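# Secondary and tertiary structure notes
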Amino acid sequence: MDNLWIVLWTAILLSTTALLYRINRSRIRPSPSSSLPLGTLGWPLIGETLEFISCAYSDRPESFMERRCRMYGKVFKSHIFGSPTIVSIDAEVSKFVLQSDSKAFVPSYPKSLTELMGKSSILLINGSLQRRVHGLIGAFFKSPLMKDQIAREMENYIHISMASWRDDRPIFIQDEAKNIAFQVLVKALISLDPGEEMEFLRKQFQEFISGLMSLPVNIPGTRLHKSLQAKKKMVKLVEKIIKERRNIKPFSSKVPGDVLDVLLNDTSELLTDALISDNMIDLMIPGEDSVPVLMTLAVKYLSDCPAALLQLTEENIKLKSLKDQRGETMSWSDYLSLPFTQTVRVMRKAMKDVEIKGHRIPKGWCVFAYFRSVHLDETQYDWPYQFNPWRWQDKDISSCSFTPFGGGQRLCPGLDLARLETSIFLHHFVTQFRWMAEDDSIVNFPTVRMKRRMPVWVKRRRDHPRRTELPFF
């Protein structure tokens, strides 16, 4: 029984990768023609959760959606994650959910995640406060000054990491990417340098993030309790840094050097020190999850596609040679100017009755916008399961059928940072090394990762690599 509950709550927590939104007390009267989408609520209490989990563990996790799409259409009803749910794999419907404000939909998460993040987390707050925090962070990450700083820090951490790579043992790309991305993000958030405090933070963060996939039982000895204690220790460290910053006068005249400076500079009374310190921890999650996964999968798919790897390598070596001839260093804009390199790249709860494309979403139901199926839609993309970076060269990626970073008011504020980090990592990897990847497979549940951590065998390139030198053994 304990194992069953663990599986069930793991499934619930998968909802954090989609957009879950729930409906308000004010109501929009549905038109007479609108009705609940077709579908089934499955078994009492558990609904269709177990089948969803079974498919999620398979090599084709979207098969749960595909079977129901064939029977009911791209919008259907189900019962997963403990709630009656409208599932959408329709690009227009999913975009509508993303673009809607908090009067129609708000994020909804399991109790364990809510406790870990706290009520003031950017994932949970709504309205003007959410827009304020999101806007401040997003604007800072988009600034040229910040991009230049990130590029320098990223280059430094990559140099330190890659300097230790040897050709007599495998290099685990997933581990290396996590190590680099976490340090870069923590530096951007609170300006913490490598050392004892960074290692303390990394250790506590590993303890904290383990609780995201746990039963919602907060008593001593449980996974959730241990994770909460770890977060308290991290928050205490951030609070110490905040106190030190507050003692610097006048603080408001200082040019922001990190996200913490940006939030402390804001004059809003809503941005309390407690809210800021909590969110600093929550904002570290991409450094452990999404950005390293992006880097790792890029190496995996490039390893499986020699033509794409060769073109990407030639593009990067050409730019590196040009910059070397001019005696110039690479800038952040140089990394983002590589056209081919750039092509390698959530539930909500309804707060009122909502009608979308003739479908009625009742108040209190969840909406599961499953973007994986949208991105693998054969009506939108030819051969969607084939790695084909050339497809993006002539594709309008601003359409609602392509939403890798979400959208609307909750568009990922660090999307520019993720693109820049990945571009810098790939540039230095392909210009410094040739490699041969061992066989590995992707695990899709409960989070995306490589089963064997993506082992590769590397050989250093010569000081002046030729464009014709193959990127693999």
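Residues numbered from 1 in each chain as written. Predicted model: local features only at pLDDT ≥ 70, side-chain atom pairs only at ≥ 80, totals over all residues. Heavy atoms only, no water.

Counting secondary structure elements, the protein contains 19 helices and 13 strands. Out of the 473 residues in the protein, the part that is buried amounts to 52%. For the protein, the computed accessible surface area is about 22,200 Å², with 55% contributed by carbon and sulfur atoms. (Helix = DSSP H or I, 4+ residues; strand = E, 2+ residues; numbered from the N terminus. Buried < 20%, exposed > 50% of the residue type's maximum accessible area, 1.4 Å probe, protein only. Areas by Shrake-Rupley, 256 points an atom, 1.4 Å probe, with all protein chains shown as cover.)

A few words now on the pattern of salt bridges. Under the defined criterion, the tally for this structure stands at 30 salt bridges. Between arginine 453 and aspartate 175 there is a salt bridge; the shortest N-O distance is 2.8 Å. Classification of arginine 453 by relative accessible area gives partly exposed; the value is 34%. Two residues, arginine 245 and aspartate 258, come together in a salt bridge whose shortest N-O distance is 2.8 Å. Residue arginine 245 is located in helix α10 (residues 223-246), and its partner aspartate 258 is located in the loop between α10 and α11 (259-265); the two are separated by 13 residues in the primary sequence. Each member of the pair, arginine 245 as well as aspartate 258, carries the same accessibility label: buried. Three or more residues are tied together by salt bridges with common partners; here these are Glu48, Glu51, Arg67 and Arg68. (Salt bridge = Lys/Arg side-chain N within 4 Å of Asp/Glu carboxyl O.)

Turning next to the packing of aromatic side chains. Here the structure, examined in full by the defined rule, presents 14 aromatic pairs. Note on phenylalanine 368 and tyrosine 370: the rings are 5.6 Å apart at their centroids and 85° apart in plane angle, and the pair reads as edge-to-face. Here phenylalanine 368 matches tyrosine 370 in class, with each residue buried. Ring centres 4.2 Å apart and planes at 15° place the aromatic pair phenylalanine 429 and tryptophan 435 in the stacked group. In terms of burial, phenylalanine 429 and tryptophan 435 fall into one category: buried. Three or more aromatic residues joined by ring pairs form one cluster here, namely Trp165, Phe425, Phe429, Phe433 and Trp435. The side chain of arginine 68 reaches across the aromatic face of phenylalanine 64, ending 3.8 Å from its centre. (Phe/Tyr/Trp six-rings, centres within 6.5 Å; stacked < 30°, edge-to-face > 60°. Lys NZ or Arg CZ within 6 Å of the ring centre and 35° of its normal.)

With a phi angle near 45°, tryptophan 383 is a residue other than glycine that sits in the positive phi range. One non-glycine residue with positive phi stands out, namely methionine 454, at about 60°. Within the element layout of this structure, methionine 454 appears in the loop between β12 (449-450) and β13 (455-460).

Here the focus is the pairing of strand β9 (residues 366-369). Neither face of β9 is left uncovered, since the one carrying Cys366 and Phe368 and the one carrying Val367 and Ala369 both have all their residues buried. Pairing of strand β3 (residues 83-88) with β9, which is carried by four bridges, proceeds in the parallel orientation. Among the inter-strand pairings, serine 88 is bridged to a residue of β9, identified as alanine 369. (Pairing = 2+ DSSP bridges.)

Before going further, it helps to spend a moment on the sheet that holds β13. The three strands lie next to each other as β5-β13-β10, forming an open sheet whose pairing is antiparallel. In the strand order of this sheet, the two ends are held by β5 (171-172) and β10 (433-437), each with one partner. With two bridges joining them, β5 and β13 adopt antiparallel strand pairing. In the sheet register, phenylalanine 172 faces β13, and the bridge partner there is proline 455.

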